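Chains, contacts and geometry: an overview
Here's the letter readout for the chains.
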Amino acid sequence: MKINELTKPWSAFNYGFLDESAKREIRRRTLKAVAIPGYQVPYASRDVPIARGWGTGGLQVTLTLLKPDSVVKVIDQGADDSVNASSIRKFLAKVGGATETSDTTEATIIQSRHRIPEEKLREDQILVLQVPNPEPLRPVQPDMSIAREMHGDADYGQLWLILYEQLVRSGRIMQGSSYPSMVNGRHVMTPSPIPRWDVPKLNQADHLTILSAGREKRIFAVPPHTSVEPLVFDDVPYRVEDHQDKTCYRSGVEGFFMNELPQDDGSSLYELSDSHFGIKSIRKAEGEPVTLGETWYKNGRME
Amino acid sequence: MADAFFDGRTPAIRHRPPRLMTAAPILTMGGISRTYGDVQALRSVDVIVYPGEVLGIVGESGSGKSTLLRMMNLEDTPDAGTYHLALPGRVDDNLFTLDRFQRRMLRAHHIGIVYQNPHLGLLMKHSSSGNVAERLLIAGERNFAALRQRAREALDASEFPLTRMDARPSELSGGMQQRVQLAKAIALEPALLLLDEPTTGLDVSVQALVLDTLKTLQRDRNITMVLVSHDLGVIRTMADRVMVMRSGEVVEQGLADQIFQDPQHAYTQQLVHAKL
C-alpha cells in the first residue's frame, strides 16, 4: 500500500475555508448564543481573506453554517451588488459550493451589513448580521470586565440615561442605528448598525438571527419567536424613520426604507434601500412573472 | 373654657399617659475588622445608629472612618463582622452575605451617599438632572415625565437652582456639585444617608450653605445620617452623637455635647483642644 492511498487527496483549502476545529468551536459558541438570547459569547475569531471590519465575524459564521446545498445572499447596506457583498458571495460559492442568489425568498443564509431585507424571513432561513461593535455598554463603560458584570446584574440604567439625555438636549431620541434592545427580557444587545426601521423585524421573528463581531470576537443571537424590545420610556414611544410616505423614484414603490439621493436643486429623490426588492418590484410592474415575498411593513406600517 | 382640650370632648386624650417606646436601631454593625496587606484599617468596630439621628464619625486621616463608611455603603466586605439594617419588609440578615446584585439593589433603594470628591459620585458628562434620574432609573423608573418631576423635586430639596438643572456638573462650582450629589442621594428617600467629608474643599461660606441644606433636610425629612469628617466644627454643627476613631478603633463615643465639652479619652481631648 502506498502512502498516497492512505492519505486524503490534497486540496488548497478545507471545505468552507475554515478548518474543522474552528467550525466546531464557532458552532458550539453559536449554540450557546442561541441558548442564552442576547448574551455575547466570546470566540476565537480566525483570520479570513478579508480585513477586520469588513465582515469577518459574519463571514466566519456563514462559513460554519455553509452546506453544499446552501443558497447564499449577501447584502451591504441593502445592496447585493456592492464590491464587498459581491466578493463575499463569490467567496462563499467558491469555498463551499453554495449557490449565489440576490432574491431574499430563495436564500437559506443571508449575510448582511446594516440592513434586514424588506421581505419577511421564514423559519428555514438564517440571518447573519455583521457587527462592528457588539457591546451596547461601550459608550457608558469602557472597561470590558465591568461591562460584563453590568450585563450579569442587568445594570442597564445608564443606557436609559443616554436616552434621557438625548430627550433633554434635543427633545427626541437621537439614536439612529445600533438601537439598544432588550432580548428575551434579560440581555440588552446592540442589533448591529441596522436602522431603527429594522429593529422591530427581529421581534418574535420566524427566523434565527446570528450576530457576529470578528474584530471584537463575540457572537450573540436572537432565536426564532423571541422578544426584542427597543429600550423606550413608557411615555415616549419608539419611532422608526419617517419613510412611510416616501416613494422610490425607480420602482414607484412606497412605504419601505429608502436611500435619500440629494439633488443639485436642493431637493431629494428616494430609492428603495433593499436593492433586489426594488428590482423585483420593477420587473413585476413590467409584467414579468415575479413573486414578491410577504413584507414586514405594509403601507409603511409594521403589523 | 374655650380650649378644645378642656371642652369635655377629648378627655381620653387628655388623661392618657405618654407612651414610652424603645427605638430599635436602624443600623447595627458588630465586630467589623478589615486588613489591607499589613495595615489593620478596622479593629473590631461596633456601630449603632438610631432612626432620625445624625452620627458623626471623627478621626485623623487613616483612622478608618472612610473605610467604615464604605462598609456601610456595601462597597467593601470586612474580614469579620456583621451588618444589619432595619428596613421595612426586609429579613434581618447580615448584609455582608448579599451578592453583588443584591447589594446594588439595596444601595439603590435604601442608601444614599455623598462623597468628598464629586467625581466619585457624579457622571460629569451627563446633566445634573440626569445624574439624579440615573438613581431613579436603576430603581426601575421608566417614565420620562416622572423622571423629570422627581429629579426636579430632589434638586429643589437640595436647594439647587432649577434653572441649571440640565447643566453638566463639570460646569458647576464645588458647592453646586455637592448639592447635585445630595439630590441624587435623597431622590429615593433613602433609609440611610452617608456623608463622606461632604464639605471638605469648599470655602467657609459655601460650607455653611451646604450644612444648612443638610440640616433642613434632616429636620424636614427626618433622614438618618452618618457623617464622616475630620472637621470638628462640621461634626459639632450636625451630629447628635459622635464616634471618635483612631488607628481603626473607636476610642470614645457619646452625645455630641458630652464629647465636645467633657472629652474623656486623651486622644479626644487632644482633638477637641486642637480645634479650640
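**Considering the packing of helix H6 (residues 157-170) of chain A against helix H5 (residues 128-138) of chain B**
At a minimum axis distance of 9 Å, the contact between H6 of chain A and H5 of chain B shows a crossing angle of 140°. The angle between H6 of chain A and H5 of chain B places the two elements in the oblique class. As for how H6 of chain A packs across H5 of chain B, the hand of that crossing is right-handed. On the side of H6 of chain A, the interface is formed by Gly 157, Gln 158, Trp 160, Leu 161, Tyr 164 and Glu 165 of chain A, while H5 of chain B contributes Ser 129, Gly 130, Ala 133, Glu 134 and Leu 137 of chain B. Partitioning the contact of H6 of chain A with H5 of chain B into residue classes produces 5 nonpolar, 4 polar and 2 charged.

**What to know about the confidence of the model for chain B**
Residue and element names in this part refer to chain B. Per-residue pLDDT for chain B has a mean of 88; in total, 91% of the residues score no lower than 70. Every residue in residues 1-6 is under pLDDT 50, and counting partners more than four places away or in other chains gives 7 contacts. Both confidence scores are given for the complex: pTM 0.86, ipTM 0.86.

**Things to note about the sheet that holds strand E7 (residues 224-228) of chain B**
Residue and element names in this part refer to chain B. Taken in spatial order, the 6 strands line up as E5-E6-E7-E3-E8-E9 in an open sheet, and their pairing is mixed. One side of each edge strand has no neighbouring strand; the edge strands of this open sheet are strand E5 (111-114) and strand E9 (249-255). Direction aside, neighbouring strands of the sheet carry axes that sit 15° apart on average. Where strand E3 (residues 54-59) and strand E8 (residues 241-246) come together, 5 bridges link them in parallel fashion. Directly across from Gly 56, in E8, lies its bridge partner Val 242.

**Section: helix H7 (residues 275-285) of chain A**
All names here are of chain A. Buried within H7 are the following residues: His 276, Phe 277, Gly 278, Lys 280 and Ser 281. Buried-residue contacts for H7 involve strand E2 (71-76) and strand E12 (268-272). Gly 287, located one to two residues past H7, shows a positive phi value of around 95°.

Reading the values: rules and limits
- Each chain has its residues counted from 1, running along the sequence as written.
- Here every chain gets a letter starting at A, and every ligand a number starting at 1, in the order they are written.
- In keeping with the model being predicted, local features are shown solely for residues with a pLDDT of at least 70 and side-chain atom pairs are shown and tallied solely at 80 or more, while totals for entire chains, interfaces and linings include all residues.
- Side-chain measures here rest on the full set of heavy atoms in the structure, leaving out hydrogens and waters.
- Axis geometry follows a simple rule: fit a line to the C-alpha atoms, using only the stretch in contact for helices, then measure angles between N-to-C directions, giving values from 0 to 180 degrees.
- Numbering of helices and strands starts at the N terminus; helices are DSSP runs of H or I of at least 4 residues and strands are runs of E of at least 2.
- Orientation categories follow fixed angle ranges, with anything under 35 degrees roughly parallel, anything over 145 roughly antiparallel, 65 to 115 roughly perpendicular, and all other angles oblique.
- Throughout, a crossing is termed right-handed when the near helix is turned clockwise from the far one, and left-handed when it is turned anticlockwise from it by less than a right angle.
- Residues count as neighbours in contact if any of their non-hydrogen atoms are within 4.5 Å of one another.
- Polar here means any residue other than Ala, Val, Leu, Ile, Met, Phe, Trp, Tyr, Cys and Pro, which are nonpolar, and Asp, Glu, Lys and Arg, which are charged; Gly is therefore polar.
- Confidence scores labelled pLDDT are given residue by residue by the predictor and lie between 0 and 100.
- We treat two strands as partners when DSSP finds at least two bridges between them.
- The rule is simple: take the accessible area with a 1.4 Å probe, protein chains only, and divide by the maximum for that residue type; under 20% is buried, over 50% is exposed, in between is partly exposed.

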